[in-house]
Every structure is written in C-alpha cells, then in structure tokens.
Amino acid sequence: MSTDFQHSREALGARLRDLRIEGGLNGKQFAELLGWPASKVSRLENGKQTATPDDLAAWALAAGAPESRSELQGRLRGLETHNRSWRRQLAAGQRAVQEANAAQEANAEILHIFESSIVPGIFQTPEYARGVLTDVANRHGAPRDIEAGVRARMKRQDALYQPGHRFHTLVWEAALYTVRCDPAAMAAQLDRLAGVIGLETVAFGVIPLGTRTPFSPKHGFWIIDDRLVIADTWNAELWLDAAEDVALYRKMWHLMSEAAVFDRQIHRLLDRARRALAPS
C-alpha cells in the first residue's frame with residue numbers, strides 16, 4: 001500500500017545520488033565530509049531511509065549545490081503528503097488532529113470506514129475517546145491536551161446528524177472486545193454503538209469472529225468520496241489517491257461487507273460483548 005510513497009522516496013534518493021556524483025565524490029568520501037556513516041548515504045540514495053530537512057540541507061551544501069536545497073525540500077514535502085507521521089501531526093496537539101479530521105468528514109458525502117480493533121472515532125463516547133487519546137499521547141510523547149482533543153472528537157459527531165453525509169461503516173467483532181477504557185465506560189460505548197445503528201446517515205456492520213473470510217483485517221482505513229484512502233499504521237497515516245489504490249481498497253471494503261452482519265444480528269453481538277465485560 002506504500003507504493004506511491006516508496007517510489008517518491010526512491011526518486012528523491014536518485015536525485016541525491018546525482019548531486020553527489022556531480023560534486024565529484026564517491027559515497028565514502030561524501031559520508032566522511034558529512035560526518036555520517038557510509039551506510040546512511042547508501043540508505044538515502046537507495047530509498048531505504050527518509051531524509052529529514054536537515055539531512056537535505058547538509059547534502060546540498062556538501063555536494064557544492066546549495067541552490068538545490070529548496071528543490072530537495074519540495075520533493076520531501078511532496079513525499080510527506082502520502083506519509084503523515086503521527087509524531088509530526090500530534091506535535092500541534094490532539095485538538096488540531098481532531099479538527100482536521102472533522103473538516104475532512106464535513107466536506108465528504110460518502111465515507112466507507114473499516115476498523116479492525118477499535119471503535120471508529122466518529123462513534124466514540126467521551127470516556128472511550130479519553131482512553132484512546134491518552135494512550136496515543138503516551139505512545140508518541142505528544143502534548144497532553146486530552147480534554148481539548150476529546151471535545152473536538154465529540155464535535156466531529158455533528159456530521160452524523162446532518163443531511164448530505166453517509167457513513168458506511170464496518171468493524172471486526174474484535175473491536176467490541178478491545179477494552180480502551182474501564183469496563184463500565186466500555187459497556188456505555190457498546191450502548192452507543194447500538195444507538196447509531198438506526199441513524200439514517202449510518203450503515204453499520206460487524207464482521208463476526210470465526211467467519212471464513214478471503215482476507216485478513218490488517219489495518220483500519222477510511223475511503224473518502226472514492227477519491228482518497230486514509231490508512232492507519234503504528235507510526236503514520238498513509239494518504240493514497242492513486243486510482244488503482246482507491247479501487248483496491250473499495251474492493252476490499254466490499255469483500256468485508258459481504259462477510260459482515262447487520263441490524264438485529266449486531267445487537268446479538270453487542271449483547272455477547274457486554275456479557276464478557278461483566279465480572280465473573
């Protein structure tokens with residue numbers, strides 16, 4: 001799924017190699033000039049490592065081509081539009097991330113959502129969201145504006161009650177058992193899911209555990225108006241807008257939908273998950 005990103009990184013590496021060669025230096029000499037391990041020069045040139053802005057500035061200077069710095073920085077910005085580091089996004093705080101998501105959702109008409117082990121943010125209760133955002137802040141060392149992030153995440157839910165939107169949503173049944181808050185709050189989260197099933201703007205399905213499927217759950221993703229896929233990884237969001245990528249994710253979403261259950265059958269799954277939360 002990172003094909004576009006990797007191709008862009010390899011293209012940047014090829015440009016770095018050209019600049020080094022034009023400067024008349026071999027890889028070992030260039031590394032010594034920069035004070036880097038030779039392996040770093042090799043990884044950057046071969047698209048095995050993503051350069052930082054400081055790396056590119058140093059490279060341009062060492063290659064005797066300081067005027068190429070702005071070009072290289074532009075290539076890096078283009079690369080990063082497909083690979084948005086969570087650490088970088090969260091540097092501005094949780095609220096900023098949630099408000100950006102809200103803007104994306106408010107401008108979309110049709111969203112296809114899949115999550116393998118978490119309740120999608122747009123359906124979360126405040127207590128569940130607080131647990132999730134706290135975990136994220138701890139994991140990435142992000143600013144701890146948790147309450148502002150929770151409020152902004154709740155504000156996103158306005159779109160569920162506005163005409164002109166449609167949220168086609170699937171979750172793996174495991175999401176009903178992945179406890180991201182205390183048991184009582186988790187039970188309330190399951191009740192919240194029961195409440196959204198009847199909304200006119202929502203089509204909600206659950207893929208039961210034990211169902212034979214021609215796929216593995218992999219990772220969560222959102223398809224926005226059949227023009228953009230946003231896929232989550234541990235360290236980044238991937239933004240994929242190539243037609244073939246969007247088509248593949250739509251195909252996967254439909255395969256998942258065929259394995260899902262809806263309506264009354266979901267209530268049975270929710271009841272089973274509630275019972276699992278009860279103390280033995």
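Residues numbered from 1 in each chain as written. Predicted model: local features only at pLDDT ≥ 70, side-chain atom pairs only at ≥ 80, totals over all residues. Heavy atoms only, no water.

Undergrad: What exactly am I supposed to notice about the overall build of the chain here?
TA: In terms of regular secondary structure, the chain is built from 12 helices and 8 strands. With respect to the principal axes defined by its C-alpha atoms, the chain has extents near 70 × 40 × 40 Å. In the chain, 75% of the contacts between residues at least 6 apart in sequence involve partners at least 24 apart. A total of about 13700 Å² of accessible surface is found on the chain, and carbon and sulfur atoms cover 52% of it. Between the centroid of the 35 positive side chains of the chain and the centroid of its 34 negative side chains there is a distance of 4 Å. (Helix = DSSP H or I, 4+ residues; strand = E, 2+ residues; numbered from the N terminus. Contact = heavy atoms within 4.5 Å. Areas by Shrake-Rupley, 256 points an atom, 1.4 Å probe, with all protein chains shown as cover. Lys, Arg positive; Asp, Glu negative; His and termini not counted. Charge placed at Lys NZ, Arg CZ, Asp CG, Glu CD.)

Undergrad: What is the right way to read the environment of S85 from this model?
TA: Of note, S85 is situated in strand β1 (residues 83–85). On the basis of relative accessible area, S85 is assigned to the buried category, the value being 18%. Between the C-alpha atom of S85 and that of E237, which follows or precedes it by 152 residues, the distance is 6.5 Å. (Buried < 20%, exposed > 50% of the residue type's maximum accessible area, 1.4 Å probe, protein only.)

Undergrad: Help me understand helix α8 (residues 126–140) in this model?
TA: Quick reminder: α-helices carry 3.6 residues per turn. Residues three or four places apart thus point the same way. Compared with an ideal rise of 1.5 Å per residue, which puts 15 residues at 21 Å, α8 spans 21 Å between its outermost C-alpha atoms and is within 8% of the ideal. Among the residues making up α8, those that are buried are Y128, A129, G131, V132, L133, T134, V136, A137 and H140. Contacts made by the buried residues of α8 are with α6 (86–90), α7 (94–106), α9 (146–156) and α10 (183–196). Positive backbone phi, approximately 65°, marks G141, located one or two places after α8. (Expected span 1.5 Å × (residues − 1).)

Undergrad: I tried to follow the packing of α7 against α9 on my own but got confused; where do I start?
TA: Between two packed helices, what matters for the description is the angle formed by their axes and the separation of those axes. Taken N-terminus to C-terminus, the directions of α7 and α9 make an angle of 10°; their axes are 7 Å apart at the nearest point. Taken together, the axis directions place α7 and α9 in an arrangement best described as roughly parallel. Along the contact surface, α7 presents Q94, R95, Q98, E99, N101, A102 and E105, while α9 presents I146, A148, G149, A152, R153 and R156. (Axes fitted to C-alpha atoms, helices over the stretch in contact; angles between N-to-C directions. Parallel < 35°, antiparallel > 145°, perpendicular 65-115°, else oblique.)

Undergrad: Would you take a moment to explain the layout of surface pockets for this structure?
TA: Taking a probe equal in size to a water molecule and rolling it over the atoms shows the remaining empty space. Taken as a whole, the largest pocket holds about 1000 Å³ of empty space. Lining the largest pocket are 41 residues, and of these W86, E115, I118, D232 and T233 sit closest to its centre. It is α7 that provides the largest number of residues to the lining of the largest pocket, a total of 8 residues. Of the residues in the lining of the largest pocket, the class split is 17 nonpolar, 14 polar and 10 charged. (1 Å grid on protein atoms, 1.4 Å probe; cavity = no way out; pocket = protein on both sides within 12 Å on 5 of 7 lines; lining within 4 Å. Points joined across faces, edges and corners; volume = space filled by probe spheres on them. Nonpolar A, V, L, I, M, F, W, Y, C, P; charged D, E, K, R; others polar.)

Undergrad: Help me out: how do you make sense of the pairing of strand β5 (residues 221–224) in this one?
TA: The side chains of a regular strand alternate, first on one face of the sheet and then on the other. With burial as the criterion, each face of β5 is covered, one bearing F221 and I223 and the other bearing W222 and I224. Bridge analysis of strand β2 (residues 110–115) against β5 gives 4 bridges, and the strand direction is antiparallel. Directly across from L111, in β5, lies its bridge partner I224. Between β5 and the antiparallel strand that follows it, strand β6 (residues 228–232), lie 3 residues; D225 among them carries a positive phi value of about 50°. (Pairing = 2+ DSSP bridges.)

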